[in-house]
Amino acid sequence: MALIAGQLVSRAGDALFSLASVWLVLDLTNNNPLASSAALAVEFLPYLLFGLVAGAYVDRWDRQRIMIAADTIRGVVTLVVPLLAALDALQVWHVFAVSFLLSSFGRLFHPARQAVIPDLVDASQLVRANAVLEGTGQAAWIAGPALGGVLVALVGAANVYYLDAASFFFSAATLLLVRPRPHPRARTGVSLRQELLEAIRYVRERAILRTTLLVGVVGIVAFAPVPALLPVLVRGHFGAGSRELGALMACFFAGSVLTSAGIARLGQRLHRGRALAGGLGAVGVGAFALALAPSLAVAGLMLLLLGGGAALFNVAEYSIFQAETSAELRGRVIALANVTSQAVRPPILIGAGAIAGLVDARVALALLAGAALLAVLGGISSRALRAA
């Protein structure tokens, strides 16, 4: 329960930060859209720069201490922005630097959190634990952006950073109450390069992990364009504004929370391989239907489906990697999965934006969703997933 409470508050802080950081960059650059895009892009760089290396250290070090240290450091780093703003010394590069550092220490925190869950619960409770964490995390995002908008208007974007810092400190405090079972550490006397190659070989030699990794990449192909192109659809196709966009985003997170609650009730009765393929299928169908939606109401229903599919997909993916990977390799394997999926996100976003600019945002969504649906057929026929 301590981990769940800490992550609920921390994810709420993330939701506030996601809105406040972009708004602050726009304030500092006189509404420069390139700067706001760069603010988002800089958060993805640490995946590529540090993702695999961070996974290796997650296997070398105590995972609970890694999470506490990462949260504490992120809390301190976050305070830099409002303190500089109070001194009237804040510049846009400070915001970029803080975002980069937060994402960098997040590359340690997130694989450590996923790797430690099997050390906190029995194998029979693994799916339920992942579903509860997924649901509570997404619940914070239902109200988080809307609350962030209100707070930005009331106290200013820079001061919202105080709340994000407090959420990191709260999470670190709750992690002190967590009591995971000791996990076997990575072998000593082995170079970092050898450890990373060991994880790559481990995944390559196991069909279930290899297939899940590839399906995860396809999931990014189907889903990544949705948050980028949804504002374009709302403004250009539906002729609506920010309120309608917020309502549609809430539909997505509501679908995720409802599905996570259902998964938690099913627990180990959920077939992980079928859930992975089914979640990807729901994302593909939802994205394809969103491209064809004739009204905001229909778009909202499709985003409910998308949110539910994403939750089902995520829980199944986490559970497969956790259950099918030996404890001493879990951090590296999970980091490898994260890096692989995130590495394809920038080119997919650029490609979707190019198609949307040349033709139409709906065409971009439909094409990428169609590719995901074709991949579902391969996933259903995969013996590895059927056996998962």
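So, here's what we can say about the structure. (Residues numbered from 1 in each chain as written. Predicted model: local features only at pLDDT ≥ 70, side-chain atom pairs only at ≥ 80, totals over all residues. Heavy atoms only, no water.)

1. Description of the overall build of the protein chain
Our working definition: Comment: elements are numbered from the N terminus, with helices defined as DSSP H or I runs of at least four residues and strands as E runs of at least two. Every radius of gyration here is taken over C-alpha atoms, with the globule rule written as 2.2 Å times N^0.38, N being the number of residues. We call a residue buried when its accessible area falls under 20% of the maximum for its residue type, exposed when it is over 50%, and partly exposed in between, using a 1.4 Å probe and counting protein chains only. Here, residues are in contact when the closest pair of their heavy atoms is within 4.5 Å.
Each helix and strand counted, the protein chain has 18 helices and 0 strands in total. Relative to the globule expectation of 21 Å for 388 residues, the C-alpha radius of gyration of the protein chain, 20 Å, shows essentially globular dimensions. Reported as C-alpha extents along the three principal axes, the dimensions of the protein chain are approximately 50 × 50 × 35 Å. A burial count over the protein chain gives 52% of its 388 residues as buried. When contacts within the protein chain are restricted to residue pairs at least 6 apart in sequence, those whose partners lie at least 24 apart make up 86%.

2. Remarks on helix H8 (residues 157-175)
Quick reminder of the rule: Here the expected length of a helix is defined as 1.5 Å per residue gap, with one fewer gap than residues.
With 19 residues, H8 should reach 27 Å at 1.5 Å per residue; the first-to-last C-alpha distance of 28 Å fits that figure. Looking at H8, one finds that the buried residues are Ala157, Ala158, Val160, Tyr161, Asp164, Ala165, Ser167, Phe168, Ser171, Ala172, Thr174 and Leu175.

3. Here's the deal with the environment of Val359
Tracing the backbone shows Val359 in the loop between helix H16 (345-358) and helix H17 (361-380). Owing to a relative accessible area of 57%, Val359 belongs among the exposed residues under this scheme. Sequence spacing of Val359 and Ala369 is 10 residues, and the spatial spacing of their C-alpha atoms is 16 Å.

4. Description of the environment of Ala311
With respect to the helices and strands, Ala311 occurs in helix H14 (residues 296-324). Here the alpha-carbon distance between Ala311 and Gly279, two residues 32 residues apart in the chain, equals 7.4 Å. Here Ala311 is in contact with Glu134, Ser256, Thr259, Ser260 and Ile263, once residues within four sequence places are set aside.

5. So, a nonpolar patch on the surface
As a reminder of what qualifies: Distance thresholds for patches are 9 Å for like charges and 5 Å for nonpolar side chains (Val, Leu, Ile, Met, Phe, Trp, Tyr), applied to residues having over 30% relative accessible area and no salt bridge. Using a 1.4 Å probe, accessible areas were evaluated by the Shrake-Rupley method; residue-level cover was limited to the displayed protein chains. Salt bridges, as used here, are contacts in which a Lys or Arg side-chain nitrogen is within 4 Å of a carboxyl oxygen on Asp or Glu.
On the surface, Leu147, Val150, Leu154 and Val155 cluster together into a nonpolar patch covering about 370 Å² of accessible area. Of note, Leu147 is situated in helix H7 (residues 126-155). For Leu147, a relative accessible area of 45% puts it in the partly exposed group.

6. Describing the nonpolar core
Which entries qualify depends on this criterion: In these notes, a set of buried Ala, Val, Leu, Ile, Met, Phe, Trp, Tyr and Cys residues joined through side-chain atoms within 4.5 Å is what counts as a nonpolar core.
Judged by nonpolar contacts, the single largest core of 82 residues is most densely connected at Leu290, Leu303 and Leu306. Considering each element in turn, this core owes the most residues, 11 residues, to H14. Discounting chain neighbours no more than four positions away, the residues touching Leu303 are Val226, Leu230, Leu248, Cys251, Phe252 and Leu290. Judged by nonpolar contacts, the second largest core, of 20 residues, contains Ala39, Val81, Leu102 and Val160.

7. Observations concerning the pattern of salt bridges
In total, this model carries 10 salt bridges according to the counting rule given. Here Asp59 makes a salt bridge to Arg332, at a shortest N to O gap of 2.7 Å. Of this pair, Asp59 sits in helix H3 (residues 45-60) while Arg332 sits in helix H15 (residues 330-343), and the two are 273 residues apart along the sequence. Using a relative accessible area of 3% as the deciding quantity, one classes Arg332 as buried. The partner of Arg332 in a salt bridge is Glu198, with the nearest N and O atoms 3.1 Å apart. Placement of Arg332 in helix H15 and of Glu198 in helix H9 (residues 192-204) is noted, with a sequence separation of 134 residues between them. A residue is classified by how much of its surface remains accessible, and Glu198, at 21% relative accessible area, is partly exposed. Residues joined by salt bridges that share partners form a network here, namely Asp59, Arg63, Asp119, Glu198, Arg330 and Arg332.

8. Quick look at the packing of aromatic side chains
So the rule is basically this: In summary, the pairing rule links any two rings of Phe, Tyr or Trp, Trp by its six-membered ring, whose centres are within 6.5 Å, and it sorts them by plane angle into stacked for under 30 degrees, edge-to-face for over 60 and tilted for everything else.
Evaluated as defined, the whole model comprises 6 aromatic pairs. A centroid spacing of 5.4 Å and a plane angle of 25° characterise the contact between Phe223 and Phe252, whose relative ring orientation is stacked. Separated by 29 residues along the polypeptide, Phe223 in helix H10 (residues 207-223) and Phe252 in helix H12 (residues 242-266) bring together distant segments of the chain. Judged by relative accessible area, Phe223 falls into the partly exposed class, the value being 23%. Accessibility expressed as a relative area gives 10% for Phe252, which makes it buried. Following the ring pairs from residue to residue traces out a cluster consisting of Phe223, Phe252 and Phe253.

9. Comments concerning the side chain of Thr211
We apply this condition: Whenever two N or O atoms come within 3.5 Å, that pair is a polar contact, provided that in protein one can donate a hydrogen and the other can accept it, and provided that, for residues adjacent in sequence, both atoms are side-chain atoms.
Within the fold, Thr211 resides in helix H10. Here the side chain of Thr211 touches Ala207 through a polar contact of 2.7 Å, landing on its backbone oxygen.

10. Here we look at unusual backbone geometry
Even without being a glycine, Asp88 presents a positive backbone phi close to 60°. Tracing the chain through its elements places Asp88 in the loop between helix H5 (80-86) and helix H6 (92-116). When its relative accessible area of 75% is taken as the criterion, Asp88 is described as exposed.

11. Digging into the packing of helix H11 (residues 225-237) against H16
Condition: Only the contacting stretch of a helix is used when fitting its axis, a line to C-alpha atoms as for every element, and angles between N-to-C directions run 0 to 180 degrees. Orientation is classified from the angle alone, with under 35 degrees giving roughly parallel, over 145 giving roughly antiparallel, 65 to 115 giving roughly perpendicular, and any other angle giving oblique. Crossings are assigned a handedness: left-handed for a near helix turned anticlockwise from the far helix by less than a right angle, right-handed for a clockwise turn. Under the scheme applied here, ten amino acids are nonpolar (Ala, Val, Leu, Ile, Met, Phe, Trp, Tyr, Cys and Pro), four are charged (Asp, Glu, Lys and Arg), and all others, including Gly, are polar.
Their axes nearest at 9 Å, the elements H11 and H16 cross at an angle of 30°. With respect to H16, the element H11 is oriented roughly parallel. With respect to the hand of their crossing, H11 and H16 are arranged in right-handed fashion. Between H11 and H16, the residues in contact are Pro225, Ala228 and Leu229 and Ile348, Leu349, Ala352 and Ala356, respectively. Broken down by class, the residue content of the contact of H11 with H16 amounts to 7 nonpolar, no polar and no charged.

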